[in-house]
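Understanding the architecture of this molecule
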Amino acid sequence: MKKIVVFASGSGTNAENIIQYFEKSTSGRVVAVFCNNAQALVLEKVKKYAISSEIFSKNDLNEGLVLQKIKNFAPDWIVLAGFLLKFPSNLIDAYPDKIINIHPALLPKYGGKGMYGMHIHEAVVANKEVETGITIHYVNENYDEGNIIFQQSVILTPTDNAHDVAVKIHKLEQEYFPKVIEDLLLTTASAENKEG
């Protein structure tokens, strides 16, 4: 059973969806949720589950305190689900190719600093895109530049506003993010068994 640590900054709909998905899975479990915002709704949602929640500051993240806390949970994977801070190199180096993020656009379009949430959807609408989607990717030292694991697109209509786009993206996130995480867990477990 693989251990997953989730990082979230906001409402926690993706984090809770992942927690619920893996409660029914034999491949992994969410063991902790880390959050950089003491007022975030995700912390309320986590209380319903037998999962630790850890609140930390940006300084804690950059100065290595978060890395020390993470090591207590010995995670196999770290999942960023609506986490807005840049991940520091000390964490990336400690968990190479074991940290993934979901981005609410088809990278490399609409990626980089400041491109998150409604900012992305507003830009997509302003540019009259005919499609958008989600990208699940490995995390490296640059925003949204890690190797892409999975993408799924959705068609937009000329009448879609940013809220409509957000609803479509949310559906994709809820459907595909937990499944892609599980696929990664199963693939790496299979590879480890072959090596062993």
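Residues numbered from 1 in each chain as written. Predicted model: local features only at pLDDT ≥ 70, side-chain atom pairs only at ≥ 80, totals over all residues. Heavy atoms only, no water.

Within the UniProt annotation, "domain: Formyl transferase N-terminal" (unreviewed entry) is assigned to residues 2-181. Between the C-alpha atoms that bound residues 2-181 there is a distance of 11 Å. The span itself is 37% helix and 24% strand. (UniProt positions renumbered as here; feature names shortened; annotations may be inferred. Helix = DSSP H or I, 4+ residues; strand = E, 2+ residues; numbered from the N terminus.)

Next up on the list: the pattern of salt bridges. When their charged atoms lie close together, side chains carrying opposite charge are able to pair. Evaluation of the coordinates by the stated rule reveals five salt bridges. Among the ionic pairs, Lys-48 bridges to Glu-16, the shortest N-O distance being 2.9 Å. A residue pair is termed long-range when its members are at least 10 positions apart, and Lys-48 in the loop between α2 (41-46) and β3 (52-55) and Glu-16 in helix α1 (residues 13-23) qualify at 32 residues. According to the relative accessible area criterion, Glu-16 is buried, its value standing at 13%. (Salt bridge = Lys/Arg side-chain N within 4 Å of Asp/Glu carboxyl O. Buried < 20%, exposed > 50% of the residue type's maximum accessible area, 1.4 Å probe, protein only.)

Within strand β2 (residues 28-35), six of the eight residues are buried, leaving the element largely enclosed by the surrounding structure. For strand β1 (residues 2-8) and β2, the ladder comprises seven bridges, and the chain directions are parallel. Pairing of Lys-2 across the sheet is with Gly-28, part of β2. Since β1 and β2 lie parallel, the crossover through α1 that links them has a hand, and here it is right-handed. In terms of handedness, the path from β2 via α2 over to β3 forms a crossover that is right-handed. (Pairing = 2+ DSSP bridges. Right-handed = clockwise from strand over helix to strand, strands pointing away.)

Scanning all chains against the criterion turns up 10 aromatic pairs. Aromatic pair Phe-7 and Phe-87: ring centres 5.0 Å apart, planes at 80 degrees, arrangement edge-to-face. Taken as a pair, Phe-7 in strand β1 and Phe-87 in the loop between β4 (77-80) and α5 (89-94) lie far apart in primary sequence, 80 residues in all. The burial state of Phe-7 is the same as that of Phe-87; both residues are buried. (Phe/Tyr/Trp six-rings, centres within 6.5 Å; stacked < 30°, edge-to-face > 60°.)

Before going further, it helps to examine the sheet that holds strand β5 (residues 99-103). Overall, mixed pairing links the seven strands, which are arranged β3-β2-β1-β4-β5-β6-β7 in an open sheet. The outermost strands of the open sheet, each flanked by one partner alone, are β3 and β7 (148-155). Strand-to-strand, the axes of this sheet are offset by a mean angle of 20 degrees, without reference to chain direction. In the packing of α1 onto the sheet, contacts are made with β1, β2, β4 and β5, and the angle to β2 comes to roughly 160 degrees. Across the sheet, helix α4 (residues 65-73) is in contact with β1, β2, β3 and β4; its angle to β2 comes to roughly 160 degrees. (Axes fitted to C-alpha atoms, helices over the stretch in contact; angles between N-to-C directions. Contact = heavy atoms within 4.5 Å.)

Of the two faces of β4, the one lined by Trp-77 and Val-79 and the one lined by Ile-78 and Leu-80 are each fully buried. Judged from the four bridges that link them, β1 and β4 form a sheet pairing that is parallel. Bridge assignment links Phe-7 to a residue of β4, and that residue is Leu-80. With three bridges connecting them, β4 and β5 associate as parallel partners. Across the sheet, the residue bridging to Leu-80 is Asn-101, located in β5. Chirality of the crossover, the property in question, places the unit of β4, α5 and β5 among those that are right-handed.

Among the structural elements, Glu-173 can be located in helix α7 (residues 162-195). The buried charged residue Glu-173 lacks any salt bridge, with Lys-45 as its nearest oppositely charged partner at 11 Å. Once you skip the residues sitting within four places of it in the chain, Glu-173 turns out to touch Asn-14, Asn-17, Ile-102, Pro-104, Ile-134 and Pro-178. (Lys, Arg positive; Asp, Glu negative; His and termini not counted.)

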